[in-house]
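A look at the structure
One-letter residues, chain by chain:
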Amino acid sequence: ILMAFMSFLLSILLVQLLLPFFNKLADKEIPTLWHQPVFWLSALLFTLVTGLLSGSYPAFYLSTFKPIKVLKGVVRLGRLAALPRKVLVVVQFSVSVTLIICTMVVYQQIQHAKNRPVGYNREGLLSVSMRTPEISRKYGTIRSALLQSGVVENVAKSSHSTISFSRNNEVLWRGKDPSKVKFFQDVTVSADFGRTIGWKIKDGRDFIPNAPGDSNSVVINEEAAKIMGFKNPVGEVIEYDHQNLTVIGVAQDMITFSPYANMQPSIFFLRGWTGTMTIRLKTGQPVHSALAKIEPVFKQFNPGSPFEYSFI
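For the structure given in this document, a descriptive report is provided here.

Thresholds, definitions, all that
- Residues numbered from 1 in each chain as written.
- Predicted model: local features only at pLDDT ≥ 70, side-chain atom pairs only at ≥ 80, totals over all residues.
- Heavy atoms only, no water.
- 1 Å grid on protein atoms, 1.4 Å probe; cavity = no way out; pocket = protein on both sides within 12 Å on 5 of 7 lines; lining within 4 Å.
- Points joined across faces, edges and corners; volume = space filled by probe spheres on them.
- Nonpolar A, V, L, I, M, F, W, Y, C, P; charged D, E, K, R; others polar.
- Salt bridge = Lys/Arg side-chain N within 4 Å of Asp/Glu carboxyl O.
- Helix = DSSP H or I, 4+ residues; strand = E, 2+ residues; numbered from the N terminus.
- Buried < 20%, exposed > 50% of the residue type's maximum accessible area, 1.4 Å probe, protein only.

**Let's talk about empty space enclosed by the protein**
Counted by the stated rule, this structure contains one cavity of 30 Å³ or more. A volume near 30 Å³ is recorded for the largest cavity. Taken together, Asn-221, Gln-252, Asp-253, Met-254, Thr-256, Ser-266 and Phe-268 make up the lining of the largest cavity. Looking at side-chain class alone, the lining of the largest cavity contains two nonpolar, four polar and one charged residues.

**What about the pattern of salt bridges?**
Counting across every chain of the model gives seven salt bridges. Residues Asp-206 and Arg-195 are paired through a salt bridge, measuring 3.8 Å at the closest nitrogen-oxygen approach. Placement of Asp-206 in the loop between β6 (201-204) and β7 (217-221) and of Arg-195 in helix α7 (residues 193-197) is noted, with a sequence separation of eleven residues between them. A residue is classified by how much of its surface remains accessible, and Asp-206, at 11% relative accessible area, is buried. Here Lys-226 makes a salt bridge to Glu-223, at a shortest N to O gap of 3.8 Å. In this pair, Lys-226 and Glu-223 both sit in helix α8 (residues 222-228), three residues apart, roughly one turn of the helix. Assessed through its relative accessible area of 61%, Lys-226 is described here as exposed. Residue Glu-223 is classed as buried on the basis of its relative accessible area, which comes to 16%.

Distances and angles like these do not, on their own, reveal function.
See below:
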């Protein structure tokens, strides 16, 4: 019972010291219950019962021995008398090693997700859903007003946010095995999309605003170039939705869903529906003051809906 209460006091100390770090890691706010009598009553009762149960077995077991026989060495234990103890030691050791290994694996997975290159610059990026016709029809005017606000560096639109590329379709290219079906993430973007999110072009070039020829062009990511098997993908023609599109650039792979998932092949083009506006705030601009200047722009052109946004 004394050992159980010493362990209880030690556990209280460890919780007091480590709970703030755990809350930060788990992004939770687990409260302490030091001020509640019910907690202390149940904890002390649990500790007492634990001490009684853990001490009862050796007490009853040792009390079965006759002192005279023990002193004379007459007591003989069977061959299997020590087996339960050995089994418990092995099981406890195995559980401890397993938990340590699992902890190391989880830690490495978290570090992998934190340190894995995203492929674009997420700092200062806002995503606004173009869910009303007013925003869609007046996108050009809204974009100009945002750029004139003094807090916005660039604005672009796309069919999906950079954290949720989800639409998949088949793409055909020269030399493709017709028996193998491979789906690509297809994303409609405006010509300023790459410069707004800060992606890196590894080969070729980015879209050029108002360039007539880029309407039949496409930018692919590194994973798509790897799957297609082209040594020099720039200039190759691919077929998407019965349209021939020329590859003008290869962008660095970007994490567009889960940081633990494999990279997905993606293609970016200037045709089709767009429903998301991406806004790049100027570097060093306080977010609170920037939002205060951005909101009136949307209120002016879209007064019937609230200004809803999310950070990328």
